[in-house]
Amino acid sequence: MSGGGGKIEQRVVLTRQEAAKWLHQLATALETGGTADVALVGPTVALNLPEEFEVELELEPYGEKIELEFELVWPNEGNEPSSDRPRTSVGAPQPLR
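Remember, it's a predicted structure, so these values are computed and weren't measured experimentally.

What counts and what doesn't
- Residue positions are given per chain, counting from 1 as you read along its sequence in written order.
- In keeping with the model being predicted, local features are shown solely for residues with a pLDDT of at least 70 and side-chain atom pairs are shown and tallied solely at 80 or more, while totals for entire chains, interfaces and linings include all residues.
- Water and hydrogen atoms were dropped before computing side-chain values, which therefore reflect all heavy atoms in the structure.
- Pairing of aromatic side chains requires ring centres within 6.5 Å, counting the rings of Phe and Tyr and the six-membered ring of Trp. Pairs whose planes differ by under 30 degrees are stacked, by over 60 edge-to-face, and all others tilted.
- Each helix corresponds to a stretch of at least 4 residues labelled H or I by DSSP, and each strand to a stretch of at least 2 residues labelled E; elements are numbered beginning at the N terminus.
- Working definition of a nonpolar core: buried Ala, Val, Leu, Ile, Met, Phe, Trp, Tyr and Cys residues. They are joined through side-chain atoms within 4.5 Å.
- Buried means the residue's accessible area, taken with a 1.4 Å probe over protein chains only, is under 20% of the maximum for its type, while exposed means over 50%, and partly exposed covers the values in between.
- The rule is simple: put a 1 Å grid over the protein atoms alone, call a set of points where a 1.4 Å probe fits but cannot get out a cavity, call an open set with protein on both sides within 12 Å along at least five of seven lines a pocket, and count a residue as lining if it has an atom within 4 Å of a point.
- Grid points are joined across faces, edges and corners, and a volume is the space filled by probe spheres set on the points.
- Side-chain classes follow a simple rule in which Ala, Val, Leu, Ile, Met, Phe, Trp, Tyr, Cys and Pro form the nonpolar group, Asp, Glu, Lys and Arg form the charged group, and the remainder, Gly included, forms the polar group.
- Expected span, for any helix, means 1.5 Å times one less than how many residues it has.
- The arc refers to the directions leading from the helix axis to the C-beta atoms.
- pLDDT is a residue-level measure of predictor confidence that goes from 0 to 100.
- Think of it this way: DSSP has to see at least two bridges between two strands before they count as a pair.
- In this description, a line fitted to the C-alpha atoms serves as the axis of each element, helices being fitted only across the stretch in contact, and the angle between N-to-C directions of two axes falls anywhere from 0 to 180 degrees.
- In this description, contact between two residues means that some pair of their heavy atoms is separated by no more than 4.5 Å.

Colleague: Describe the packing of aromatic side chains, with residues and values.
Modeller: Counted according to the given criterion, the structure contains 1 aromatic pair. When the ring of Phe53 is compared with that of Trp74, the centres are 5.0 Å apart and the planes differ by 85°; the resulting orientation is edge-to-face. Highlighted residues: Phe53 in the loop between β2 (45-49) and β3 (54-62) and Trp74 in the loop between β4 (65-73) and β5 (87-90), separated in sequence by 21 residues.

If you want it as structure tokens, here you go:
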């Protein structure tokens, strides 16, 4: 990840179609590999994508809401994006609110 360290958290409200479109772009970036420039809302983060991920899926009901989280975990190699690797953009959709 470029830009040093620290946690970046982005939240936005999307329609079902916008959420699916954003997830599809993310899936395409994962399939392509190389570097992905990812944003949900706010700043774009450049990620060097490995060949393997540790994947976690968590589903929790909270009263009237359901929370679905998925995590992709991989070693932080601290490398800047390379110009000889594929680069994919996962742009921020237009939020509803």
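Colleague: For the nonpolar core, give the residues involved together with the corresponding values.
Modeller: In terms of nonpolar packing, the biggest core is built from 11 residues, these being Val12, Trp22, Leu26, Ala29, Ala36, Val38, Leu40, Val45, Leu47, Leu49 and Val90. Of all elements in the fold, only α1 (16-32), β1 (34-38) and β2 reach the threshold of two or more residues within this core.

Colleague: Kindly report on the layout of surface pockets, identifying the contributing residues and their values.
Modeller: Reported here for the largest pocket is a volume of approximately 2000 Å³. Ile8, Gln10, Trp22, Leu40 and Phe70 are the residues nearest the centre of the largest pocket, which is lined by 40 residues in total. Here the residues of the lining of the largest pocket are counted per class, giving 24 nonpolar, 7 polar and 9 charged.

Colleague: Mind laying out α1, listing which residues take part and the relevant values?
Modeller: Owing to its 3.6 residues per turn, the α-helix brings residues three or four apart onto one side. For α1, spanning 17 residues, the distance from its first C-alpha to its last is 24 Å, which sits close to the expected 24 Å at 1.5 Å a residue. For α1, the full list of buried residues reads Trp22, Leu26 and Ala29. The arc enclosing the buried residues of α1, seen along the axis, measures out at 55°, which places them on a common side. Turned more than 90 degrees away from the buried face of α1 sit Arg16, Gln17, His24 and Glu31, all of them exposed. In the stretch just after α1, Gly33 is the one whose phi turns positive, near 80°.

Colleague: Just give me the short version of the confidence of the model for the protein chain, but keep the residues and values in it.
Modeller: When pLDDT is averaged along the protein chain, the result is 86, and 91% of the positions lie at 70 or above. When pLDDT is averaged over each element of the protein chain, β3 comes out on top at 95 and β5 at the bottom at 89.

Colleague: Before we move on, can you summarise the sheet that holds β5 with the specific residues and values?
Modeller: Overall, mixed pairing links the 3 strands, which are arranged β2-β1-β5 in an open sheet. Bordering the open sheet on either side are β2 and β5, each of which pairs with just one other strand. Pairs of neighbouring strands in the sheet enclose a mean axial angle of 25°, with direction left out of account. Across 4 bridges, the pairing between β1 and β5 is parallel. What sits directly across from Asp37, in β5, is Ser89. Against the sheet, α1 touches β1, β2 and β5, its axis set at about 165° to β5.

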